[in-house]
There are 2 protein chains.
Amino acid sequence: MREIQLGIVGLGTVGFGTLTILAENADSIRKKLGFPLRVKAVCSLDAKSLKFPMSVPVVTEDWRDVVNDPDVDIVAELIGGTTVARSVVDSAIAAGKHVVTANKELVALDGVSIWHAARQRGVTLAMEASVCGGIPIHAVLREGIAGDRVEILFGILNGTSNYILTEIEKHGTPFAQVLAEAQRLGYAEANPAADIEGFDARNKLVLLASLAFGVKAAPSAVATEGISRISPIDFQYAAQLGCTIKLLCSARREGEGLFLSVRPALIPKDTIIASVNGSYNAVWCRGAFGADTFYYGRGAGALPTGVAVTSDIMRLAREIQTSNGERVSPFAYTNVEEIEPQPIGHQKRPWYLRFRITDRPGIIASMAAVLADHEISIDSVLQIPSADKTNLPFVITLETTAESNVRSAVSKMAAFDFMVEPPLALPMEKGL
Amino acid sequence: MREIQLGIVGLGTVGFGTLTILAENADSIRKKLGFPLRVKAVCSLDAKSLKFPMSVPVVTEDWRDVVNDPDVDIVAELIGGTTVARSVVDSAIAAGKHVVTANKELVALDGVSIWHAARQRGVTLAMEASVCGGIPIHAVLREGIAGDRVEILFGILNGTSNYILTEIEKHGTPFAQVLAEAQRLGYAEANPAADIEGFDARNKLVLLASLAFGVKAAPSAVATEGISRISPIDFQYAAQLGCTIKLLCSARREGEGLFLSVRPALIPKDTIIASVNGSYNAVWCRGAFGADTFYYGRGAGALPTGVAVTSDIMRLAREIQTSNGERVSPFAYTNVEEIEPQPIGHQKRPWYLRFRITDRPGIIASMAAVLADHEISIDSVLQIPSADKTNLPFVITLETTAESNVRSAVSKMAAFDFMVEPPLALPMEKGL
């Protein structure tokens, strides 16, 4: 079989990690493929100053030199973002190159139309590295459990926020302090909004939902709530309920529709997903036939993500050798249907409500009256003793209730004059 | 694209599970494939008495009718064993059919030569269901993390033994009693040897080692020890050491060689692999580049295993549509090297030694002298108080030591007259 030639655009963390693996793991890769793979051309704005782990014939600062190189079979787009990256991907496809990308933002936003362009041109799009770098979750959903019908997909898809929640739980340190420390250590970015507000995670959820359910939703249509209001006391109450708290990405089939959300949720401690701590990522699936499966690994990093890129390159190289064109859709389904998620207000869950109040007689009665007005059943009332009667936390858990009903009751309760801050309402995932 | 036609030989648990999924999940399967799949022929000795979930043109008691049906593209061998199953697989390949099998015994024993025959004939062999039915671990190792080089693979590959260990740990019930209860409930077979002595697990380990390392070892060459000597007190001591005990299937690269073993081992409780309880299966990999990943799900069962078979069928159906012949080796590597595992005596681990003794002064001194003679360093000595001085359990943990050295010291210690039973020696896996 002939040698397959590779072009890489972008030699940042992931690009250089990929180059490192292609060099240092060349022997194992060759033994798996049975034919040679060669890096023909790379593009980087600081290519001149980099030391390469192998000899590369073409080193350029202009991505067009890579995309238009007639020898190049596969282009790996590893620069990120949605502007230049988009041009690189579009031009590579137009030039008849197969494309590997690690760009979650681009594929969550517009992957389906990029894929359609690739099909039209008879080339393949691969994107394993775009979600959960170290976990081969695309391979799993696209082929490994293709025979199943996923009913629920849960993800812990953002390492930074999971690290922060783990630290709050472990040390009882307030959110702001943990975040500042994480920023100091380089685990969180100077502008942490994408991580802590759930925007990064929801791009990933939208992508995984495509693979698991064959649908495309706009990231902005996903009900999203960050972790900044989670405090150590919430972990204490959660523990009383046998739970921990995770920033849970959730896609749940219900009838013909799909509920999509990214937000903190209570998870029973004795489930495997509760044991995902620190900066790790994980995906948990409940299939209609295959029951529960769970996948865990590094979410990011030069080498874990580089493994995903390299594995994609190997897959495309094999497909080039044995066939012309696409063998399996990068989105698992041959047609990805554009959908609006189900209105999240219709989703029924048990709920955790945490209040901070100025204590006085009659508070429980007032709250219970509001819940009764909304026909919501109380499951339990929890109060950890505290000396501070002007900022007293307590918790009410609710039986399974539609979210819109809970939100309406909570906004009523927020207006009580004894309320120190707006109530915190988190869904609870039981029965996992 | 044309319709792909399927023949199924064997309609036991897995066969009927597969048929159920092909019928009930037909819509989702069709949406993923983009072309029709049809069950053309099935063979079962009690085919006449079965009620099928779809109409099947050919229902027979002779597997040759399936294998020789000119319409059939893919044959699924789901009868198990190594005699008739072997004939079915060989004949199907000879007839130019692609083959899906769920038969771990057959592929662990002789999968490589079956695969070579398939290559020669230009057809493909798929075997996702042969290990960890519900976990798509073949897809992961073959393609998902193909770019990595696996350094260590740990598996919990036998649900029955994991269920028994979990029950001993949870309730403090002795092994024999838990086994009897498991047999009564149908979780363990009347002849439980394959499960509790590790023979089932080692077939699976041999197969996974092929995929992870590109080598084939004889199952009989794997150092294998069952769980029947694990008692509740071992879990108490393990807990003092921050550990639990699992029947651990281990494949560990060391230099050019590979250590393979199946036996109870201590695993730190704060690792993800320690949280695999009950009848679940799991695989944990440490890659040279991708760091640690972990895969978890049902090990058996009609529908989880049926998902694996169905996913394999879908993969082959796609390969038939887009190409001729094999795209990727079922063993991940294009060449599987026959190896002898490294002699397990050379493997260095920390050790847990548990003794039952008749108490008297000088015992620790005698034991310590034997260890000193073997130049083995003691890490800790643990003793949980007990009233029974004639059957007193206590534990010595050792620093990292070659297994042959530990075995030699242990056999010396077994000869002491105060020893109530032979010492139990378990490796400890730290630093996961």
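The structure presented is a predicted model; accordingly, all values stated were derived computationally and were not measured.

Asker: Got a sec to walk through the overall build of chain A? Specific residues and values, please.
Answerer: Helices and strands together make up the secondary structure of chain A, namely 14 helices and 18 strands. On C-alpha atoms alone, chain A measures out to a radius of gyration of 24 Å, which is about the 22 Å that the 2.2 N^0.38 rule sets for 432 residues. With respect to the principal axes defined by its C-alpha atoms, chain A has extents near 80 × 45 × 35 Å. Evaluated residue by residue, chain A yields a buried proportion of 54% over its 432 residues. Expressed as a percentage of contacts within chain A between residues at least 6 apart in sequence, the contacts between residues at least 24 apart total 74%.

Asker: Let's hear about the sheet that holds strand S17 (residues 392-402) of chain B: which residues, and what values?
Answerer: Residue and element names in this part refer to chain B. The four strands lie next to each other as S16-S17-S15-S18, forming an open sheet whose pairing is antiparallel. Single-partner strands in this sheet number two, and they are strand S16 (378-382) and strand S18 (424-427). When the angles between neighbouring strand axes are averaged without regard to direction, this sheet yields 20 degrees. This element, helix H14 (residues 403-414), spans strand S15 (348-357), S17 and S18 of the sheet and lies at about 150 degrees to S17.

Asker: Describe in detail the sheet that holds strand S3 (residues 58-60) of chain A, supporting the description with residues and values.
Answerer: Residues and elements named next belong to chain A. With parallel pairing, six strands are arranged side by side in an open sheet as S3-S2-S1-S4-S5-S6. Looking at which strands have only one partner, the edges of the open sheet turn out to be S3 and strand S6 (125-126). Both strand S1 (residues 4-9) and strand S2 (residues 37-43) contribute to a ladder of six bridges, which runs parallel. Counterpart to Ile-4 in the pairing with S2 is Leu-37.

Asker: So what about the interface of chain A and chain B? Which residues, and what values?
Answerer: Counting from both sides, the interface comprises 54 residues of chain A and, opposite them, 54 residues of chain B. Elements represented by at least two residues in the side of chain A that touches chain B include exactly helix H2 (26-33), helix H6 (137-144), strand S13 (291-298) and helix H12 (302-322) of chain A. Considering each element in turn, the side of chain A that touches chain B owes the most residues, 11 residues, to H12 of chain A. Residues that form the side of chain A that touches chain B fall into these classes: 23 nonpolar, 20 polar and 11 charged. In the sheet, S13 of chain A pairs with strand S13 (residues 291-298) of chain B via four bridges, with the strands oriented antiparallel. For Gly-297 of chain A, the partnering residue across the bridge sits in S13 of chain B and is Thr-293 of chain B.

Criteria and cut-off values
- Residues numbered from 1 in each chain as written.
- Chains lettered and ligands numbered in written order.
- Predicted model: local features only at pLDDT ≥ 70, side-chain atom pairs only at ≥ 80, totals over all residues.
- Helix = DSSP H or I, 4+ residues; strand = E, 2+ residues; numbered from the N terminus.
- Rg over C-alpha atoms; globule rule 2.2 N^0.38 Å.
- Buried ≥ 20, exposed ≤ 12 C-beta atoms within 10 Å, placed from the backbone.
- Contact = placed C-beta atoms within 7 Å.
- Pairing = 2+ DSSP bridges.
- Axes fitted to C-alpha atoms, helices over the stretch in contact; angles between N-to-C directions.
- Nonpolar A, V, L, I, M, F, W, Y, C, P; charged D, E, K, R; others polar.

It is worth stressing that arrangement in space is one thing and function is another; only the former is reported here.
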